[in-house]
Amino acid sequence: MRKIADSELVLTKNKKIYHLDLGPDEIAPTIILVGDPGRVAMVSSFFDTIHIKRQHREFITHTGEIGKMPISVIATGIGTDNIDIVLNELDALVNIDLEDKTENSEKKSLKLIRIGTCGSLSPELDVDNFVLSGMAIGLDNLLLYYRDAHNLINHPLAQSFKSFINDKENRINPYVAECGSTLFNQLNSDQVKAGITLTAPGFYGPQGRHLRLTPYFENLNDRIYQFEFQGKKILNFEMETSALYGLSKLLGHQAATICLVVANRYKKTFSNNYQQMMKKLIQYTLENLSQTHS
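Residues numbered from 1 in each chain as written. Predicted model: local features only at pLDDT ≥ 70, side-chain atom pairs only at ≥ 80, totals over all residues. Heavy atoms only, no water.

Enquirer: Can you explain unusual backbone geometry? Please cite residues and give values.
Expert: One non-glycine residue, lysine 15, lies in positive phi territory at about 65°. Topologically, lysine 15 is positioned in the segment before strand 1 (30-34). Given a relative accessible area of 52%, lysine 15 falls into the exposed group. A positive phi angle, close to 55°, is found at asparagine 166, a residue other than glycine. (Helix = DSSP H or I, 4+ residues; strand = E, 2+ residues; numbered from the N terminus. Buried < 20%, exposed > 50% of the residue type's maximum accessible area, 1.4 Å probe, protein only.)

Given below as structure tokens:
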């Protein structure tokens, strides 16, 4: 069995995984992922008990229970590059023996749920609504660095979107990954809007924001609501979901993203009720997840 080199699977002096500073017994099978470190305490305030609180760099973890369900919440920070760190390290905690640095023969699957914020790309989807990402189009290139991702790169939705944006200079090589079906069914209801999410590698130019620098795809947001794939519309822009879905697919985990719309990019509006609505989204998500453990 292949032994993973010390330079590839880096541990702390206490034998914890390097960036998260966690051991295998310090995470739950169900993990909430949030971008904002300040949102960790907001999520864990709904826990019945908290056993572990850990912080290393921007990565904050609380682990406890809601009723009979063990649960963790982890701050990932912003962007698909941080998701690459968090997903690989969480997978290592459950599927690699950290002592001898070899893969476990029996693999475990985590449930990974991102609770985040996003910008609406639809004139009908207003601020303070909840969006469940059924599929994510990645504009970030992260999955292109993994050999097994060819099915994601060649996904019909990826090819259809690339044709739609008319990328003649071949600046973007999109990939597509889907929400885990079990989590999608748990979180979907008439209280959320489900559709396609665009994941961007940045907040300004990659999402068409024009400050002092002009975005290359300057007018894309104005017409993107016209795009449709198998009856589904692109609903929102955010910065993590494609990597979360793609890596989870390759590693054998279930993943879902549910977001609060804080900006409507089409109408140029922004939420005045962000914090209160985020608490409602967290409560909605945790209640739906914990029903199977009641």
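Anyway, onward from the coordinates.
Enquirer: I'd like a description of the pairing of strand 7 (residues 111-120), backed by residues and values.
Expert: Of all ten residues in strand 7, eight are buried; the element is thus mostly enclosed. Across ten bridges, the pairing between strand 7 and strand 13 (residues 254-264) is parallel. By the bridge assignment, glycine 119 is partnered in strand 13 with alanine 263. Pairing of strand 7 with strand 12 (residues 232-238), which is carried by two bridges, proceeds in the antiparallel orientation. Residue pairing in the sheet places glycine 119 in a bridge with phenylalanine 237 of strand 12. (Pairing = 2+ DSSP bridges.)

Enquirer: Account for helix 7 (residues 241-251), naming residues and giving values.
Expert: One turn of the α-helix equals 3.6 residues, which is why residues spaced by three or four share an orientation. Buried residues dominate helix 7, accounting for eight of its eleven residues. All buried positions along helix 7 are accounted for by Thr241, Ser242, Ala243, Leu244, Tyr245, Gly246, Leu247 and Ser248. Just downstream of helix 7 lies glycine 252, where phi reads positive at about 90°.

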